[in-house]
Amino acid sequence: MAQSRRTPGPQELLGEGLFGPDRGGATERALALDEVDPTQSGPVPTGLAELDRVLGGGLVPGSVTLLGGEPGVGKSTLLLQVLASMASAGAPVLLVSAEESAQQVRRRAERLGPLPAGLMLLATTDLSGLPAALADTAPALVVVDSIQAVFDPAAAGTPGSLGQVRACTDLIVHLAKLHRVPMVVVGHVTKEGTLAGPRTLEHLVDTVLGVEGDRHHALRTVRATKHRFGPTGELGLFEMNDSGLAAVTDPYRLLLGDRRPGASGSAVLPAMQGQRALLVEVQALTSRTAPETPSRRSAQGVDGGRLALLLAVLEQRAGVSVMRTDVFASAVGGIRVLEPAADLALALALASAVTDRALPPDLVVFGEVGLGGEIRQVPHAPRRLAEAARVGFRHALVPESCPDGPAGMEVVHVRSLAQAVALATGSSAPLDGGD
Ligand code: TYD
Ligand code: MG
């Protein structure tokens, strides 16, 4: 509470505070494990049920969470909603906004809903005022947006440099523990995911959450890639609309809603997103390359390297000619399917586009394609099949080692890409003729 919080002096910041009595859960004497109170640092709900599910209940006091994602994906929006939700439940919360002015934050908050009392704002890039602000406001949650934009005047370097990012994170981790308050730090990740900052930060924080999605599409996924307080497999699904991010209960309205069954160049993949299977349409379009120009290859939401590999395997091992062909491949809905299990769906969408023969509309496919044209096993086959069956798909083309599917689903095992192409595009015995 407020009276137990005060501005820590430099001595505390450097040493005593880290190991003193304020440090959550720390003990000075060795304890038997059953003497430890397991309920002491339980998670506090954020008020966004979909996010709480990903976090295993909420944010743990004293913990630091890094929320990573590409610019524009919705990190600030999501966190402003969390802050507003906790503030309107009666807890003061603090936003350190280093990227947006106080006016911009207010305008955005007004778009998201009524302005909650108790949402405190510190619009600054200089973190030296943070200890005092924490002492003044005694917040139940602190958000720092973003780690690349803040700086610690005691450390060298410009904001965003590795030294500054490290110094600021160290300070934030320390203050979180000292005040036993959960803190969330925004980190921008580039398209290539290579930015030195957040990647090296991952081991300094307790939890790493990633927001993914294509800014031209509504669907956003939130997943924990590191979590000291719970499992990392849960997937949160949100939709960006005019009033911020809303939980999505039926992702297939966005993912499969506009699908045209019976169209060539389309295959449905039960993709794994975290531990959850999600059906994603993979599309391909091919057209003859203009004379004297190199062939174009465009990959959106699918792995460009694997696309090149699959084209070579189709040509060399499956008798599907893709030479002098422009190729466009994408995963629909802004979801990225980079796992090797997507190979077979991508290869069959390509074969279907080249031959202009549609795959059966109630077919799902998954499997890794090897350089020899063999279909290799992939993880989580039962979960993929169960999700496909639940959504109403009745046929599956899968690797040989895959178990049979749930009742009502006919599972056809394939050994080679040539065999899969023949079965799926109808140039051999029909799929529902058994295997
Ligand atoms: P933002 O949260 O600023 O992204 P980030 O912090 O990850 O860079 O939001 C990005 C986009 O979301 C922005 O281009 C506008 C859009 N948006 C909406 O569509 N609806 C809304 O209610 C809000 C607040 C933003
Ligand atoms: Mg932002």
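Above this text you will find the structure in question.
The rules behind each value
- Residues numbered from 1 in each chain as written.
- Chains lettered and ligands numbered in written order.
- Predicted model: local features only at pLDDT ≥ 70, side-chain atom pairs only at ≥ 80, totals over all residues.
- Heavy atoms only, no water.
- Core = buried A, V, L, I, M, F, W, Y, C linked by side-chain atoms within 4.5 Å.
- Buried < 20%, exposed > 50% of the residue type's maximum accessible area, 1.4 Å probe, protein only.
- Helix = DSSP H or I, 4+ residues; strand = E, 2+ residues; numbered from the N terminus.
- Domains from an automatic or database assignment.
- Near = heavy atom within 4 Å.
- Polar contact = N/O pair within 3.5 Å; in protein donor to acceptor, adjacent residues only side chain to side chain.
- Areas by Shrake-Rupley, 256 points an atom, 1.4 Å probe, with all protein chains shown as cover.
- Nonpolar A, V, L, I, M, F, W, Y, C, P; charged D, E, K, R; others polar.
- Phe/Tyr/Trp six-rings, centres within 6.5 Å; stacked < 30°, edge-to-face > 60°.
- Lys NZ or Arg CZ within 6 Å of the ring centre and 35° of its normal.
- Contact = heavy atoms within 4.5 Å.
- Pairing = 2+ DSSP bridges.
- Axes fitted to C-alpha atoms, helices over the stretch in contact; angles between N-to-C directions.
- Patch = residues over 30% accessible without salt bridge, like charges linked within 9 Å, V, L, I, M, F, W, Y side chains within 5 Å.
- Salt bridge = Lys/Arg side-chain N within 4 Å of Asp/Glu carboxyl O.
- Expected span 1.5 Å × (residues − 1).

Trainee: Which residues make up the nonpolar core, and what values go with them?
Mentor: Counting 67 residues, the largest nonpolar core has Val337, Leu348, Leu397 and Leu417 as its most contacted members. Sorting elements by how many residues they give to this core places helix H10 (residues 343–355) first, with nine residues. Counting contributing residues per domain, this core is built from domain 1 (44–249) and domain 2 (253–424), each supplying no fewer than three.

Trainee: Go over the site of ligand 1 with me, naming the residues and quoting the values.
Mentor: Contacts to ligand 1 come from 16 residues, most closely from Gly72, Lys75, Ser76, Thr77 and Asn241. At 2.7 Å, a backbone N or O of Gly72 approaches an oxygen atom of ligand 1. Measuring from an oxygen atom of ligand 1, one finds a backbone N or O atom of Gly244 at 2.8 Å. A total of 560 Å² of accessible area belongs to ligand 1 in isolation, and the protein chains cover 75% of it. Looking at the shell around ligand 1, the elements with two or more residues in it are helix H3 (75–88), helix H4 (102–112) and strand E8 (235–241). Partitioned by chemical class, the residues of the shell around ligand 1 number four nonpolar, seven polar and five charged.

Trainee: With reference to specific residues and values, describe the packing of aromatic side chains.
Mentor: A ring pair, where both rings are aromatic, is described by two values, the distance of the centres and the angle of the planes. In total, this model carries zero aromatic pairs according to the counting rule given. The lysine or arginine in question, Arg384, covers the ring of Phe366, its NZ or CZ lying 5.6 Å from the ring centre.

Trainee: Any details on the environment of Val282? Residues and values, ideally.
Mentor: Position of Val282 relative to the elements: it lies in strand E11 (residues 276–288). Residues Val282 and Leu350, 68 residues apart in the sequence, show an inter-C-alpha distance of 9.5 Å. What Val282 contacts, discounting residues up to four positions off in sequence, is Gly265, Ser266, Ala267, Leu269, Val302, Ser330, Val337, Ala345, Leu346 and Ala349.

Trainee: Go over the sheet that holds strand E7 (residues 219–227), please, and point to the residues and values.
Mentor: An order of E3-E2-E4-E5-E1-E6-E7-E8-E9 is seen for the nine strands of this open sheet, with the pairing classed as mixed. Among the strands making up the open sheet, the edge pair consists of strand E3 (119–122) and strand E9 (244–247). In this sheet, neighbouring strand axes are inclined to one another by 25 degrees on average, regardless of whether the strands run parallel or antiparallel. Bridge analysis of strand E6 (residues 207–212) against E7 gives six bridges, and the strand direction is antiparallel. What sits directly across from Val211, in E7, is Val222. Most of the contacts of H3 go to strand E2 (residues 93–97), to which it runs at about 155 degrees, and overall it touches strand E1 (64–69), E2, E3, strand E4 (142–145), strand E5 (183–188), E6, E7, E8 and E9.

Trainee: Give me the lowdown on a nonpolar patch on the surface, citing residues and values where you can.
Mentor: On the surface, Leu31, Leu33 and Val36 cluster together to form a nonpolar patch covering roughly 290 Å² of accessible area. Given a relative accessible area of 40%, Val36 falls into the partly exposed group.

Trainee: How would you summarise unusual backbone geometry if you had to cite specific residues and measurements?
Mentor: Cis rather than trans, the peptide bond between Asp145 and Ser146 has omega equal to 5 degrees. The residue Ser146 is located in the loop between E4 and helix H6 (162–179) in this model. Positive phi is not limited to glycine here, since Ala138 has a value of about 45 degrees. Of note, Ala138 is situated in the loop between helix H5 (130–137) and E4. Located in the positive-phi region is Arg324, a residue other than glycine, with phi close to 50 degrees. Among the structural elements, Arg324 can be located in the loop between helix H9 (304–317) and strand E13 (325–331).

Trainee: Can you tell me about the pattern of salt bridges, naming the residues and giving the values?
Mentor: Following the criterion strictly, the structure yields 13 salt bridges and no others. Note that Arg53 and Glu50 form a salt bridge whose closest N and O atoms lie 2.8 Å from each other. Highlighted residues: Arg53 and Glu50, both in helix H2 (residues 49–55), separated by three residues, approximately one helical turn. Residue classification places Arg53 among the partly exposed residues on the basis of a relative accessible area of 34%. Exposure remark for Glu50: the relative accessible area of 12% places this residue in the buried category.

Trainee: An account of H3 is needed here, citing residue identities and associated values.
Mentor: Relative to the 20 Å expected for 14 residues at 1.5 Å per residue, H3 spans 20 Å between its end C-alpha atoms, a close match to the ideal helical length. Buried within H3 are the following residues: Lys75, Ser76, Thr77, Leu78, Leu79, Leu80, Gln81, Val82, Leu83, Ser85, Met86 and Ala87. Immediately beyond the C-terminal end of H3, within one or two residues, lies Gly90, with a positive phi of roughly 105 degrees.

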